[in-house]
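Structural description and commentary
Spelled out from the first residue to the last, the chains are:
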Amino acid sequence: MKFIHSYKCLVLCVVLQFSDVQGPPPPGGPSPYSRALEETLRTELFTTNNYQVLQRPSERVEVQVSLSLLTVNDLDIRDQTLSLTGFFTFYWEDERLEWASDSTYDNIRFLFSSETYVWRPPLLIENSVEDVSIISDKNVPMRFNNRGRVTWNPAGIYKVACEADTRYYPMDIQTCNITVTVWAYTQNEINLRFKEDPFDLTFYSTNGEWQLIATETILPEAVARGGQSFSGLDFQIKLRRRPMFHILNTLFPVALMAVLSVMVFKLPADSGEKIGFSLTILLAYTVYLTLISENIPSTSVTVCYLSLYLALTLSLGSLSVLCTIFVLNIYFRSDEEEPIPKWLKQLTTKVIARVVCYKNRCCCVTHKDIRIHPTSETPSTEPENITLQDVEKTDITTKNVRKRNKKNDEVPLEPASPTPSSSSGTLLVVQEDFDEHNLTWQELSVILDRLFFVIFMSTIIVSTAVLFYLILREWINAEVSESATD
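Being a predicted model, the structure only gives us computed values, none of them experimental. Residue positions within a chain follow its written sequence, with the count starting from 1. For a predicted model such as this one, the threshold for reporting local features is a pLDDT of at least 70, and the threshold for listing and counting side-chain atom pairs is 80 or more; totals across whole chains, interfaces and linings nevertheless cover every residue. In computing side-chain values, all of the structure's heavy atoms are included and hydrogens and water are not.

Some thoughts on the overall build of the protein
For the record, the criterion: The helix count covers DSSP runs of H or I at least four residues long, the strand count covers runs of E at least two residues long, and both are numbered beginning at the N terminus. The buried label goes to any residue with under 20% of its type's maximum accessible area, the exposed label to any with over 50%, and the partly exposed label to all in between, with areas taken from a 1.4 Å probe on protein chains only. All accessibility values rest on the Shrake-Rupley procedure with a 1.4 Å probe; residue burial counts only the protein chains present in the view.
A count of helical and extended segments in the protein gives eight helices and 15 strands. Put simply, the protein has 486 residues, and 38% of those count as buried. Total accessible area on the protein is roughly 29200 Å²; 56% of this is exposed by carbon and sulfur atoms.

Spelled out as C-alpha cells, the structure:
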C-alpha cells in the first residue's frame, strides 16, 4: 500500500508540472481570450441586444470610402468602356457593435462577421456597364473593433463607361470616372465622403498599353432621383496611351503610302506603268485601311484627326488615278490631227511652266536665252564664240571705269572691245522667251505631271505636318504638366 501511495503522489506532481492550469482571473479584471468568451460576446451583441440587420446604426450614417487600384485591365475606345481590378474600403460606425464599455471583453479587440449578420450601406457603381447592382459579397468578412467601427473591403473587376476623347488618337489621353452612389437611402440618411488617402496605388501593376499618369477625387453634387437627393463620389483616373506600337504600325505606314501615291507623277508616260502603279498603291492603301479600322475609334462624338487624315490621303490617291489618266490622254494625242489650242499654249507657257520651273524657267526668276553675235567689217568664215561671262565682265568693267572717272572728274574711257579679233566689233544680244509655238502634247503632259506632283506632294506634306503637330502638342503638354507636378 505504501508503494501505491508513493506512485500516486509522483503522478500527481508530474501532471501539475506539465499541465496548463490557470488560476481564476483577478477580481474586476478582463477574462482571457477563448472561443467560449467570443461566442458569449457574439450572443450578447447579436441576440441579447436584438440586432436588426435591416436597421441602420443611426439617423445619419457617415461612410468613408477609399479605392485600392490593382491594375487597369483594358480601356476599349471603340466601346468606350474601362475595365479595372481593385477593391473598395468602406468605414462606418455602428454603436450596436460596441463593447469597449464592458471590461470583461477587453482581450477581444476585433470580431469578424459578414453582410448576412451586419448592416451595410447599399452602394452601387452608377456608371457600370455590366452589373448595375448593389455591391455585395457574402464571402468578404467585415471587421469591426470594440468601439463599433466597421471596415469592409469588397473586391472585384469593375467595368464602367468612359466617354473617350478620340481627337488625338493614337497619342491620346483619356480621363475616366468611377462613380459610387447610395441606393435607397437619401443624403440625409447616408452621407459618403472620402477617406484621408482615397487612392491606394501600393499594389498597382502597370498596363502594357495605358500608363496611369494621375488620380483625382471629385465630390459631385447630390444625385437626384425621383425628387430625392442621394450622396455620391467620383474616383477619377487619367490614362495616357503608350504610342510606340501605333506609331510603327499605323502612323508611319499611312504617311509612307501617302507619299508613294504621289510618286506616280514621276514615272514617264511612255513607260506604261503609271496606271498600274497608281492602282496598286490605291488598292494597297484600301486594304491597309481595313486592317487598321479595327483600332480606330468608331465614335462620332469627337472627330479623330487621324480619320480625317486617312480620308484626305484616300481622296488624294483616288484623284491621282484620275490625274494619271488625264495625263496619259494628253501624252498620246497627235499634234497634226489635234493641235493645241492657243489659249492652252499661253496658259502653259506663261503660268504653268513657270510654276513648275520647266526648263529652268521659274515664276520668281526670268531666264532668257542670250546669244551673242560679233559683227566686224571683215567677216570671218568661222563664228567666234563669246560666252555670257565675257559680256558680264565687260559690263562690270565699264561701270567701274565710269564710276572712277566720275569721282575724279575725268573723261570716261571707252570700254575695251569684247571680241579679241575685232576692235570695231559690236554686240548683238538676242533675248528669246519660251517659245509657245513649239509646244507639243508630250511637253504639255510632262508639265502637267510636274504640276500635279507639286500640288499633291505639298498637300501631303502640309497635312502630315498638321496631323503630327496636333497630336504631339497634346502629348508634349501632358509631359510638361506631369514633370511640373513631379
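Focus on the state of the cysteines
Test applied: For this text, the term disulfide refers to a pair of cysteine sulfurs within 2.5 Å.
Across all of its chains, the model carries one disulfide by this definition. Across a sulfur-sulfur distance of 1.9 Å, C162 and C176 are joined as a disulfide pair. As the torsion about the S-S bond is roughly -70°, the C162-C176 disulfide counts as left-handed. In this pair, C162 sits in the loop between β7 (155-161) and β8 (173-182) while C176 sits in strand β8, placing the two residues 14 residues apart along the sequence.

Observations concerning the sheet that holds strand β4 (residues 123-125)
Defined as follows: Think of it this way: DSSP has to see at least two bridges between two strands before they count as a pair. Between N-to-C directions, angles span 0 to 180 degrees; the directions come from axes that are lines fitted to C-alpha atoms, helices contributing only their stretch in contact.
On the basis of which strands lie adjacent, the open sheet formed by four strands has the order β4-β8-β13-β10 and antiparallel pairing. The open sheet has two free edges, formed respectively by β4 and β10 (210-218), since each of these has just one partner strand. Pairwise comparison of adjacent strand axes, ignoring direction, gives a mean angle of 20° for this sheet. Relative to strand β13 (residues 232-241), β10 runs antiparallel, the two sharing eight bridges.

Describing the side chain of R241
This is how the line gets drawn: Whenever a nitrogen or oxygen atom comes within 3.5 Å of another N or O atom, the pair is scored as a polar contact, on the condition that within protein one atom can donate a hydrogen and the other can accept it, and that pairs from neighbouring residues in sequence are kept only if both atoms are in side chains.
With respect to the element layout, R241 can be found in strand β13. One polar contact links R241 to D172, side chain to side chain, over a distance of 2.7 Å. A polar side-chain atom of R241 sits 2.9 Å from a polar atom in the side chain of E209.

Focus: the packing of aromatic side chains
To be explicit about the condition: Each aromatic pair joins two rings of Phe, Tyr and Trp (for Trp, the six-membered one) with centres within 6.5 Å, and gets the label stacked for planes under 30 degrees apart, edge-to-face for over 60, and tilted for any other angle. Either the NZ atom of lysine or the CZ atom of arginine qualifies as a charge over a ring when it sits within 6 Å of the ring centre and within 35 degrees of the ring normal.
Counted according to the given criterion, the structure contains 14 aromatic pairs. With a centroid separation of 5.4 Å and an interplanar angle of 70°, the aromatic rings of F46 and Y51 are classed as edge-to-face. Look at Y51 and you get buried, because its relative accessible area is 8%. Centroid distance F194 to F235: 5.3 Å. Interplanar angle 90°. Geometry classified as edge-to-face. You can see F194 sitting in strand β9 (residues 190-200) and its partner F235 sitting in strand β13, a full 41 residues away along the chain. For F194, a relative accessible area of 18% gives the class buried. Classification of F235 as buried rests on a relative accessible area of 0%. Through successive ring pairs, a cluster of aromatic residues spans F88, F90, W152, Y158, F194, F199 and F235. Directly above the ring of F453 sits K266, whose terminal nitrogen or CZ lies 4.5 Å from the centroid. Its end group placed over the ring of W441, R333 keeps NZ or CZ at 5.0 Å from the ring centre.

Considerations on the environment of F88
Just so we agree on the cut-off: Contact between two residues is taken to exist if any of their heavy atoms lie within 4.5 Å; hydrogens are not considered.
Examined against the element boundaries, F88 turns out to sit in strand β2 (residues 81-98). Here the alpha-carbon distance between F88 and V65, two residues 23 residues apart in the chain, equals 7.0 Å. Residues within four places of F88 in sequence aside, it is in contact with V65, S66, L67, I125, W152, N153, P154, Y158, I178, V180 and F235.

Concerning a nonpolar patch on the surface
In plain terms, the rule: In this analysis, a patch consists of residues with relative accessible area above 30% that form no salt bridge, clustered at 9 Å for like charges and at 5 Å for the nonpolar side chains Val, Leu, Ile, Met, Phe, Trp and Tyr. Salt bridges are identified by distance alone: a Lys or Arg side-chain nitrogen within 4 Å of an Asp or Glu carboxyl oxygen.
On the surface, a cluster of nonpolar side chains totalling about 390 Å² of accessible area is made up of W343, L347, V351 and V355. Along the chain, V351 falls in helix α6 (residues 342-355). Residue classification places V351 among the partly exposed residues on the basis of a relative accessible area of 42%.

Some points on the nonpolar core
Selection rule: Residues enter a nonpolar core if they are buried and are Ala, Val, Leu, Ile, Met, Phe, Trp, Tyr or Cys, with the set joined through side-chain atoms within 4.5 Å.
Formed by 53 residues in total, the largest nonpolar core has its most connected members in L82, F88, F90, W92, F144, L192 and F235. For this core, the element with the highest residue contribution is strand β1 (residues 61-76), accounting for seven residues. V262, Y288, C304 and L344 belong to the second-largest nonpolar core, a separate cluster that totals 44 residues.

Some details on the confidence of the model for the protein
Here is the rule we go by: For every residue, the predictor assigns a confidence score, pLDDT, that lies between 0 and 100.
Averaged over all residues, the pLDDT of the protein equals 79, while 76% of them reach at least 70. Ignoring residues within four places in sequence, the model shows residues 1-5, a span with pLDDT below 50, making zero contacts including any to other chains. Here residues 11-24 is modelled with pLDDT under 50, and outside its nearest four sequence neighbours on either side it reaches one contact, counting other chains as well.

Here's the deal with helix α4 (residues 274-292)
In plain terms, the rule: Expected helix span is taken as 1.5 Å per residue step, with the number of steps being one fewer than the number of residues. Our arc is simply the arc of the directions from the helix axis toward the C-beta atoms.
Spanning 19 residues, α4 covers 27 Å between terminal C-alpha atoms, matching the ideal 27 Å at 1.5 Å per step. Considered for burial, the residues of α4 that qualify are K274, S278, I281, Y285, Y288, L289 and I292. Along α4, the residues classed as buried sweep out an arc of 105° about the axis, all on the same side. Seen from the open side of α4, the exposed residues pointing more than 90 degrees away from its buried face are T280, L283 and L291.

A closer look at the environment of E443
For E443, the position within the fold is in helix α8 (residues 441-485). Since its relative accessible area comes to 18%, E443 is described here as buried. Between the C-alpha atoms of E443 and T348, which are 95 residues apart in sequence, the distance is 9.9 Å. Not counting residues up to four positions away in its chain, the partners in contact with E443 are Y358, K359 and N438.

Overview of the pattern of salt bridges
Counting across every chain of the model gives 12 salt bridges. One salt bridge in this structure joins R167 and D165, with 2.9 Å as the shortest N-O distance. Using a relative accessible area of 22% as the deciding quantity, one classes D165 as partly exposed. Here E338 and R333 are joined by a salt bridge, their closest N and O atoms 3.5 Å apart. E338 sits in the partly exposed class, given a relative accessible area of 39%.

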